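# A look at the structure
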Amino acid sequence: MLLQPGPADADRRDREPIVIGHRGAAALRPEHTLLSYETAVALGADFVEPDLVSTKDHVLVARHENEISGTTDVGDHPEFASRRTTKTVDGVPVTGWFTEDFTLAELRTLRAKERIPGLRPGNTAFDGVALIPTFDEVVELAQRHGVGVYPETKHPTYFDSLGLPLEEPLLDVLARHGWKDRRDRVFIQSFETANLRDLRTRTTLPLIQLINTSGAPYDRVAAGDPLTYDGMVTPQGLGDVAEYADGVGVATSRIVPAGPDGRLLAPATLIRDAHRAHLDVHAWTIRDENSQLPVDYRLGDPASPAHPRATGNVTGWLNTLYDLGVDGVFADNPGTARAVLAARSRR
């Protein structure tokens, strides 16, 4: 089904970019917890973003990956020690504990923890506090606060192979809460393509094709298809994406590439080309810490041990992306993205 340009294409310049709370407010609370999503809402996010994986009993839960040793205290539970295993996920061997080997009731005995404590030591104060939320709970939270949801289907080909497809329960949860129309506050995103094409035949909800910095969609790799992410950002590639998706979610390096010294080069033509194809462009991921910003926007003494996690000139980086015409940003600290937009509106 070819998507026809909608009214939004005519007034893109008049629309304020959306702020997407990346995994909630991951800069301030352990990611993919109700604590994180609630903080994102309080800071002004328009949407909260849950990454979705499946439990053994086919319930969608919010985790960055289906391997959960880095985001929960599962390693401290002797009753689950025997479930540690190695699996091949998207062609890569991964060792740990996996959501698909646990029922929801079993996952509820675990508690979340900060995934990168070295970068965000303050978040460790919340270790052991939060449960793993279900997608249903995230939607309820979003609707209670009047914001949208921006779910990502994680490893859809892999979960299909287990008989645990992600798309059906995702649409079921959204429909149960009354979200099933193109104008509802939902974006569904994926790094793969086949599931988005399939979703296009089932729903009018907006779909976003994620495009990584390198490599290729795993479903295309598994099928022996030569398509790469590089190919998808060409004008022809973006035109192909527009046949089934409403926008692209791209790494900021696709918008402004960096040279060998880490300093930014001239902007790419991706935003212009995507808009010509009637695709929105949502950029990921905006993070406050120096180590997560382009070299040009880092502040302070690089020799200081605190420099990597100190706040850089994230305001300047956001203004650059907004000036280039992005339609939305994924932000670990959505309050920063919202504050920059507020300041711009007062100019």
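Residues numbered from 1 in each chain as written. Predicted model: local features only at pLDDT ≥ 70, side-chain atom pairs only at ≥ 80, totals over all residues. Heavy atoms only, no water.

All right, on to the pattern of salt bridges then. According to the stated counting rule, one finds 24 salt bridges in the structure shown. Salt-bridge contacts for D225 lead to R220; the nearest nitrogen and oxygen are separated by 2.9 Å. With a closest N to O distance of 3.2 Å, D273 and R272 form a salt bridge. Among the charged side chains, a network of salt bridges with common partners joins R23, E31, D51 and R115. (Salt bridge = Lys/Arg side-chain N within 4 Å of Asp/Glu carboxyl O.)

As a further point, take the packing of helix α2 (residues 34–42) against helix α4 (residues 135–145). Contact pair α2 / α4: the axes reach a minimum separation of 11 Å and the direction vectors enclose 20°. As judged from the angle between their axes, α2 and α4 are roughly parallel. Judged by the twist between their axes, the crossing of α2 over α4 is right-handed. Where α2 abuts α4, its residues L34, Y37, E38 and V41 lie against E137, V138, L141 and H145. Here the residues of the contact of α2 with α4 are counted per class, giving five nonpolar, one polar and two charged. (Axes fitted to C-alpha atoms, helices over the stretch in contact; angles between N-to-C directions. Helix = DSSP H or I, 4+ residues; strand = E, 2+ residues; numbered from the N terminus. Parallel < 35°, antiparallel > 145°, perpendicular 65-115°, else oblique. Left-handed = near helix turned anticlockwise from the far one by under 90°. Contact = heavy atoms within 4.5 Å. Nonpolar A, V, L, I, M, F, W, Y, C, P; charged D, E, K, R; others polar.)

All right, on to the packing of α4 against helix α6 (residues 167–176) then. The geometry of α4 relative to α6 is characterised by a closest axis approach of 10 Å and an angle of 35° between their N-to-C directions. When the axes of α4 and α6 are compared, the crossing they make is right-handed. Contact with α4, carried on its side by F135, D136 and V139, involves L170, V173, L174 and R176 of α6 and no other residues of that element. Looking at the contact of α4 with α6, its residues break down into five nonpolar, no polar and two charged.

The subject of this paragraph is the side chain of T99. Note that T99 resides in the loop between β6 (92–96) and α3 (104–107). Here S54 takes part through its backbone oxygen, which lies 2.9 Å from a polar atom of the side chain of T99. Look past the residues within four positions of T99 in its chain and what remains in contact with it is V53, S54, T55, K56, R63, N66, I68, L107 and F159. (Polar contact = N/O pair within 3.5 Å; in protein donor to acceptor, adjacent residues only side chain to side chain.)

All right, on to the side chain of D332 then. Here D332 lies in the loop between β13 (328–331) and α14 (334–345). Accessibility expressed as a relative area gives 1% for D332, which makes it buried. Within the structure, D332 has its side chain in polar contact with the side chain of H22 (distance 2.6 Å). Sequence-distant contacts of D332, that is, excluding residues within four places in its chain, are made with H22, A25, A26, A27, R120, T285, I286 and R287. (Buried < 20%, exposed > 50% of the residue type's maximum accessible area, 1.4 Å probe, protein only.)

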